[in-house]
Each structure stands twice: as structure tokens, then as C-alpha cells.
Amino acid sequence: GAEIEDFEVTFIEVPPWSDERWDSFVEIVGSRTVAPAVGQGAVADEVRVVRSSFYPILQGSSEQHEREPTQSRWAFELAVGTVQRVQLLVRADGFEPALVAFELAAGELRREVCVLQRLAVEISGVVCDERGRELAGLTLELRARSNVERERTTSDTDGRFSFPRTRKADAYALLVLDGDVLRASIEEGSLSLGMRVVVPTPARLSGQLLEPRGGLVGRARVQLSGSSENGTRTWFEPALLVEEGAFAFDPAPVGALELNVWREREPGTWLHLLSSPLTLAAGEARELDVVVPALP
């Protein structure tokens, strides 16, 4: 079957006695010659096997030993002089964590299968235009505070989409893209299950960057962002390099925005000098001249 990415298994060996110091336990095991116990297993849901990377952690040790990623299976060898209790804590994006507990004896081969249950989807919906017609093939990118990689999906033939991995409490913005062009942005207060995302007719924003004492700014960077009133700023591509004062975003996103301007202090070093709030309506074409503060 197909495979699930971004998955971690933690292996914990638990000594059978609770009042022994861990360094004594390690010394005792190291002094014996025993047949290793072998653990093997797989992690799956009802449809497919999970590709896993897992890290064996010896309880009581401050050192974490990393193993090479496996291709849908986990395995380990453990030198045990007596029966040892073992726990496997299994985590995967979009699934409930699971704990597998069993015992291993010297020379034993143990096989286990851990079945994960999917988390309930918390963010889903349909994408449509201003006339209510569903839009297929648009890219939706969900941004979350804890995700290094942003979760992406594509609207299906009925305009529907869902995000199985990201939790609603962690998400702060949903971007709707047509290729590399931003078509809509939804802030965290509007993210929900069964939401309806209306993609408006794009706006257009153009203008000039002016010096405080008149004349055009010679060199600057300009980029639009979402409003930062909620403490989180969402940056919209593209970022423009302006050489002779004139800039244009066509198309431009719709809604509450900020126009951000940087000036070059020295080659390769940019200083953010301006965040000017503005609101663009669907289909609006606006000319905007902006006075940019001088470099300090």
C-alpha cells in the first residue's frame, strides 16, 4: 500500500527493578554474554503501512542514540540477561499516539504490529468564486506555528479540501494559491470544519516610493503582508526589488494588508522602515504613492 511520511517511533527499555541505579544496570548487562533479543514490527492504519524513523532511548540515560530510518518497519536487538519490559511509543502526523508494551527474553524473536487511529479532521471546506461556483485545482497552504513544513493540499473537482495533520489550535492562516499567485487569505479566527472559502476577483496595486524631501527612492524592496493586528504577520509573494521608485502588484490579494518597504543600508543588508496599512476590495485597481523614511 501507500506510505505515510513524517513519522517517529520512540523505543524505551524499562529495567524490571525500580530501585537500582541505571549505571549499575548498564554495568551488569555489559558483563554478560547473552543471545540478543530481537524486536521487529510495523506500524499501519487500516489502509497503508507507515514509513518510520525511530529513536531508541534507554530510560535513565541522558544520551539519545539515533538509528537509520527504516522503510516501513522497525527493528532492534537488545542484550537482556533477564526478561525485560519494553514499551514502544508511536507518533505520526494526523494520528493518535499509540503505546505498545511487551516483554522480551534473551534470544527471543518478537514481532508486533501497532495500528494507529486517524485524528478527526478539524479544518476542511470548499473553495468557490464570488458566484458560488466550486473551484478545482487550487493549492491551499495551511500555516501553523509548530510545523516546519507547511501542510498543502489541492481542491478536488467539487472544490473540496481537508487538512488531516494540522490541529485548528495550531493554525494561524490559510492561503489559496493559483500556481504562485495568491488568490485569498483566511486568518485563524475563520478556520473551521466545513468552512466556505470565497476566492474574490483579484485587485491591482501600483504606485511610487518617494523620498521624504521629494524625488523617487532609488533602490528598495517592497512586499505585501496580511495585517499584523493579531500578532502574526503572513507574507505574500512576490517580494519586489524596486530600482527606480515604481512598483506594481498585479494581481494583488484582497482584504486588510500592509505594504512593507525595506531600504538597503549597505550591499546585501536591508532595513525594514515602513509597514503601511491598506485595504483592497475585490477587483479594485489602486494607485498609491508612499513616502519612505530615510535611512537612520
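Rules of the game
Residues numbered from 1 in each chain as written. Predicted model: local features only at pLDDT ≥ 70, side-chain atom pairs only at ≥ 80, totals over all residues. Heavy atoms only, no water. Pairing = 2+ DSSP bridges. Helix = DSSP H or I, 4+ residues; strand = E, 2+ residues; numbered from the N terminus. Axes fitted to C-alpha atoms, helices over the stretch in contact; angles between N-to-C directions. Buried < 20%, exposed > 50% of the residue type's maximum accessible area, 1.4 Å probe, protein only. Contact = heavy atoms within 4.5 Å. Salt bridge = Lys/Arg side-chain N within 4 Å of Asp/Glu carboxyl O.

*Asks:* Hey, could you go over the sheet that holds strand S11 (residues 139–144) for me, with residue numbers and the actual values?
*Replies:* An order of S12-S11-S14-S15 is seen for the 4 strands of this open sheet, with the pairing classed as antiparallel. The open sheet is flanked by strand S12 (151–154) and strand S15 (181–187), the only strands paired with a single partner. Taken over all neighbouring pairs, the strand axes of this sheet differ in orientation by 20° on average, direction set aside. With 6 bridges connecting them, strand S14 (residues 171–178) and S15 associate as antiparallel partners. Among the inter-strand pairings, aspartate 178 is bridged to a residue of S15, identified as valine 181.

*Asks:* An account of the environment of glutamate 108 is needed here, citing residue identities and associated values.
*Replies:* Assignment of secondary structure puts glutamate 108 in the loop between strand S8 (98–104) and strand S9 (109–115). By relative accessible area, glutamate 108 is classed as partly exposed at 24%. A C-alpha to C-alpha distance of 9.8 Å links glutamate 108 and valine 83, two positions 25 residues apart in sequence.

*Asks:* Go over the side chain of threonine 234 with me, naming the residues and quoting the values.
*Replies:* Relative to the elements of secondary structure, threonine 234 occurs in the loop between strand S18 (220–226) and strand S19 (235–242). Not counting residues up to four positions away in its chain, the partners in contact with threonine 234 are Arg143, Tyr172, Ala173, Leu175, Glu187, Ser225 and Gly226.

*Asks:* Please set out the environment of alanine 101 residue by residue, giving values where relevant.
*Replies:* Residue placement: alanine 101 occurs in strand S8. The residues touching alanine 101, leaving out its near neighbours within four places in the chain, are Val86 and Gln87.

*Asks:* Got a sec to walk through the pattern of salt bridges? Specific residues and values, please.
*Replies:* All told, the structure shown has 12 salt bridges when counted by the stated rule. The partner of glutamate 188 in a salt bridge is arginine 145, with the nearest N and O atoms 2.9 Å apart. With glutamate 188 in the loop between S15 and strand S16 (195–199) and arginine 145 in the loop between S11 and S12, the pair connects residues that are 43 residues apart, well separated along the chain. When salt bridges that share partners are traced, they join Glu141, Arg143, Arg150 and Arg152 into one network.

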